[in-house]
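Survey of secondary and tertiary structure
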Amino acid sequence: MHVLLFDDPAIRPHLLPFTFTRPVAALRCGILTLAEKWQHRLGGQPVGYLTAPYLQAKYPAGATSGPALVINGAVCPDDVLVKQVQALAAGEALFCDETLVAAHLTDATQVAELIQEGFLKTRDVAEPITIIREVWHLFLRNGAEIRRDFDLLTKGRESAPVGDAHTIVYAPENIFIEPGVKIRAAILNAENGPIYLGKNSQVHEGAIISGPLALCEGSHINAGAKMRGDNTVGPFSKVGGEVGNSILLGYSNKGHDGYLGNSVIGEWCNLGADTNTSNLKNNYAPVKIWSHSAGRFVNTGQTFCGLMMGDHSKCGINTMFNTGTVVGVGANIFGAGFPRTFIPSFSWGGAAGFETFRLPKVAEVAERVMARRNLPYNQIEQDIMRHVYEQTAKDRVWEKAANNEQSATSKDQ
């Protein structure tokens, strides 16, 4: 039976800017992406994505005919939920309140129509479940999901040894080390939560790590870093400085000193040396952040909320991000002072103002950056970026102002 993870139209817009460039199920929370969580719990069965058409070439659905389990890509599975999903009979749908969790279809070709028009509720979830509905849910749920993924990935397996006489370890039973890991003179404290070190990852001299922590394949925690707990460093990334309750989705660098807290950083991002994020307002009031779906700032209800940065965005040295800043896709931020708390996709500038970071220049940077990881900035990637560029034009208000000025000048002439 096919397994298809769908983007819930009531949820996906709330997870922008990250879902500009990926399906909901490709988001990482804990050690694994949501899709990987389902794949592991369903016995390694391949999963397909039902997502926006412009993303389908990179995230294919696979076979879409015959019987299928269709599952909400925003749902984080656990043992009880997986059993309920697997027990669904043909034609049955599982709900959490008004949210469709999963359905068993006899004909997968009907799925797009049924998602739009609605399924008939036949079952309710047996216990509360985790659904990633807002961008800040990613870091809020990260510690719990690291624990859950740790149990899933390490059950019945034996960890590789630390293998370094100068590394100090607390609660070694809560530490799992995959093959190829290199650790040098670090402190690993797993008393408050597990530490997972992925294949071929490295922990450099003087790093202080408090669990829960997930260091994914090929990633580095740099010398002297302070990892304060509930952190995920996605694959092939580098992290230094002080980091707390944050996620790097993958292929991104925060290599130097500076603070990152209660934040989510997309793929192919780079934070310049001494970049700092504020995650707490001076008056301790709940943080408001920009919502792409609402087109305005919304109240997160959270006292702590830092930086949400979309894929392929970067900032220069000494950049200061205010509390609850949202940066779109393909932005480049630099200069003194605090930039605005919503930086649209394909922005170029900082506190002094922005202009548009044009696609040809974005492509030059992306090609260089991805080549460093031996990956191509191919036509599929280019088409996604072009679609996002066009889709987000309305957010770049200076373009509208420039067009209006140009029109006025033409009329005067």
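Details of the structure are given in the entry above.
Notes on the structure follow. Because the structure is a prediction, the values reported are computed rather than measured.

Structural notes on helix H1 (residues 34–41)
Within H1, the full set of buried residues consists of Leu34, Ala35, Lys37, Trp38 and Arg41. Mapping the buried residues of H1 onto a view down its axis gives an arc of 160°, with all of them on the same face. Remark: Gly43 follows H1 within two positions and exhibits a positive phi of approximately 80°.

Concerning unusual backbone geometry
Omega for the bond connecting Leu16 with Pro17 falls within 30 degrees of zero, at 10°, which places this linkage in the cis form. Counting through the fold element by element, Pro17 comes out in the loop between strand S1 (2–6) and H1. Between Gly211 and Pro212 the backbone carries a cis peptide bond, its omega angle lying at 0°. Within the secondary structure layout, Pro212 lies in the loop between strand S15 (208–210) and strand S16 (213–215). Backbone geometry at Ala185 places phi at a positive 45°, although glycine is not the residue there. Its place among the elements puts Ala185 in the loop between strand S11 (182–183) and strand S12 (187–189). Notably, Phe346 is not glycine yet its phi reads approximately 60°, a positive angle. Its place among the elements puts Phe346 in the loop between strand S35 (342–343) and strand S36 (347–350).

A closer look at the environment of Ile209
Looking at the element boundaries, Ile209 is found in strand S15. Sequence spacing of Ile209 and Lys121 is 88 residues, and the spatial spacing of their C-alpha atoms is 45 Å. Not counting chain neighbours up to four residues away, the residues in contact with Ile209 comprise Ile187, Leu188, Asn189, Ile195, Val203, Ile221 and Met227.

Concerning the sheet that holds S1
A sheet is described by the order of its strands in space; here six strands give the open sequence S2-S1-S3-S6-S5-S7, paired in mixed fashion. Both edges of this open sheet fall to strand S2 (48–50) and strand S7 (123–124), since each of them pairs with a single strand only. Where strand S3 (residues 68–72) meets strand S6 (residues 99–105), four bridges bridge the pair, whose relative direction is antiparallel. What sits directly across from Ile71, in S6, is Ala102. Of the strands in this sheet, S3, strand S5 (93–96), S6 and S7 touch helix H2 (residues 79–86), which is tilted by about 145° from S5.

The rules behind each value
- Residues numbered from 1 in each chain as written.
- Predicted model: local features only at pLDDT ≥ 70, side-chain atom pairs only at ≥ 80, totals over all residues.
- Heavy atoms only, no water.
- Buried < 20%, exposed > 50% of the residue type's maximum accessible area, 1.4 Å probe, protein only.
- Helix = DSSP H or I, 4+ residues; strand = E, 2+ residues; numbered from the N terminus.
- Arc of directions from axis to C-beta.
- Contact = heavy atoms within 4.5 Å.
- Pairing = 2+ DSSP bridges.
- Axes fitted to C-alpha atoms, helices over the stretch in contact; angles between N-to-C directions.

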